[in-house]
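Descriptive structure summary
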Amino acid sequence: MFTGGCISTGGKPFTKPFFDSLTHIVPSAKPSAPPGEPKPGPKRVWNGDKVAGSPHIKIVIGEQRAYFYKAKTLVGETDISSGRQGYDTPPGHYQVIQKDKDHRSTLYGEFIDAAGHVVNSNADLTKQQPPAGTTFLGAKMPYFLRFQGGYGMHAGRLPGHRASHGCVRLPLEMAEHFFQAAPEGTPVLVTQ
């Protein structure tokens, strides 16, 4: 049984050898602006709808970027928000082991009273029990692609730095593209 949320519950990493053949693939450089001009927004690109080839995903924690390939062709690129300190997203070779378009966390969310009012908007079941008369409502994690234990990729808030409980958050439109293009079994490489 899988736990929801963004923590490790163990699991066997994916060790498919084709990642070794990807050493020549270098992600594109981050955009820059001339001095005195505003910096451009984060680069988000999807060109994979009409490209054939086996899919695979590369997540680079140090860049806070995710890359989607079909065969050796880079077809998608986006900013991310991975696990913050103490909830680090683990590097390794994995694969998509579950897809859930309407996933909700089983660990992080809100406590709601009987009238539907939020009593605690930052509930953490690893540290708290629901107060009497409340129920737990897990945080939405749309377009969830689980790749190891409690870790996965999903749509979420991107504050511009590492901020999650270990999952990899993507912008909504990019999370949908990744979700649609990555069947179960898609290799996922997480690097520092």
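It should be emphasised that the depicted structure is a prediction, and the values quoted were computed from it without experimental measurement.

Quick word on the nonpolar core
The biggest cluster of nonpolar side chains holds 26 residues, and the ones touching the most others in it are Ile57, Ile59, Phe68, Phe147, Met153, Phe178 and Val188. Counting only elements with at least two residues in this core, the list comes to strand E2 (55–60), strand E3 (65–70), strand E8 (134–148), strand E9 (151–155), strand E10 (168–170), helix H1 (172–181) and strand E11 (187–191). Here this core gets five residues from one element, more than from any other, and that element is H1. If sequence neighbours within four positions are ignored, Phe178 has contacts with Trp46, Ile57, Ala66, Tyr67, Phe68, Thr78, Leu145, Met153 and Leu170.

A short note on the packing of aromatic side chains
Taken as a whole and assessed by the stated rule, the structure comprises six aromatic pairs. Centroid distance Trp46 to Phe178: 6.0 Å. Interplanar angle 45°. Geometry classified as tilted. One end of the pair, Trp46, is in strand E1 (residues 45–46); the other, Phe178, is in helix H1, and 132 residues separate them in sequence. By relative accessible area, which is 1% here, Phe178 ends up buried. Measuring from centroid to centroid gives 5.5 Å for Tyr94 and Phe147, while their planes differ by 40°, and the two rings are tilted.

A few points about the sheet that holds strand E6 (residues 98–113)
In space, the five strands of this open sheet follow the order E7-E6-E8-E9-E10, with mixed pairing throughout. Two strands in the sheet have a free side with no partner beyond their single neighbour: strand E7 (118–124) and E10. Each strand axis lies, on average, 45° off the axis of its neighbour in the sheet, ignoring direction. Relative to E10, E9 is paired through three bridges, and the arrangement is parallel. Considered in E10, the bridge of His154 is made with Arg169. Together, E6, E8, E9 and E10 form the strand contacts of H1, whose direction differs from that of E8 by roughly 55°.

Topic: the environment of Asp124
Mapped onto the elements, Asp124 comes out in strand E7. Each C-alpha atom, one on Asp124 and one on Phe111, is 9.3 Å from the other, the two residues being 13 residues apart in sequence. Apart from the residues lying within four places of it in its own chain, the contact partners of Asp124 are Tyr87, Leu107 and Tyr108. Side-chain polar atoms of Asp124 contact the side chain of Thr126, separated by 2.4 Å.

Section: the pairing of E7
Across four bridges, the pairing between E6 and E7 is antiparallel. Residue pairing across strands places Tyr108 opposite Asp124, the latter belonging to E7.

Some thoughts on unusual backbone geometry
For Gln64, which is not glycine, the phi dihedral falls at a positive 55°. Take Gln64: it is sitting in the loop between E2 and E3. For Tyr143, which is not glycine, the phi torsion reads 55° and is therefore positive. Tracing the backbone through its elements, the reader meets Tyr143 in strand E8. By relative accessible area, which is 11% here, Tyr143 ends up buried.

Quick look at the pattern of salt bridges
Where charged atoms from two side chains of opposite charge come close, those side chains can pair. Following the criterion strictly, the structure yields five salt bridges and no others. Of the charged contacts, one joins Glu77 and Lys43 as a salt bridge, the two residues approaching to 3.8 Å between their closest N and O atoms. One end of the pair, Glu77, is in strand E4 (residues 73–79); the other, Lys43, is in the segment before E1, and 34 residues separate them in sequence. Ionic pairing is found between Asp79 and Arg44, a salt bridge with its closest N-O pair at 2.7 Å. Residue Asp79 is found in strand E4, and its partner Arg44 is found in the segment before E1; the two are separated by 35 residues along the sequence. By relative accessible area, Asp79 is classed as buried at 12%. A single network of salt bridges, built from pairs that share partners, joins Lys43, Arg65 and Glu77.

Analysis parameters
Residues numbered from 1 in each chain as written. Predicted model: local features only at pLDDT ≥ 70, side-chain atom pairs only at ≥ 80, totals over all residues. Heavy atoms only, no water. Core = buried A, V, L, I, M, F, W, Y, C linked by side-chain atoms within 4.5 Å. Buried < 20%, exposed > 50% of the residue type's maximum accessible area, 1.4 Å probe, protein only. Helix = DSSP H or I, 4+ residues; strand = E, 2+ residues; numbered from the N terminus. Contact = heavy atoms within 4.5 Å. Phe/Tyr/Trp six-rings, centres within 6.5 Å; stacked < 30°, edge-to-face > 60°. Pairing = 2+ DSSP bridges. Axes fitted to C-alpha atoms, helices over the stretch in contact; angles between N-to-C directions. Polar contact = N/O pair within 3.5 Å; in protein donor to acceptor, adjacent residues only side chain to side chain. Salt bridge = Lys/Arg side-chain N within 4 Å of Asp/Glu carboxyl O.

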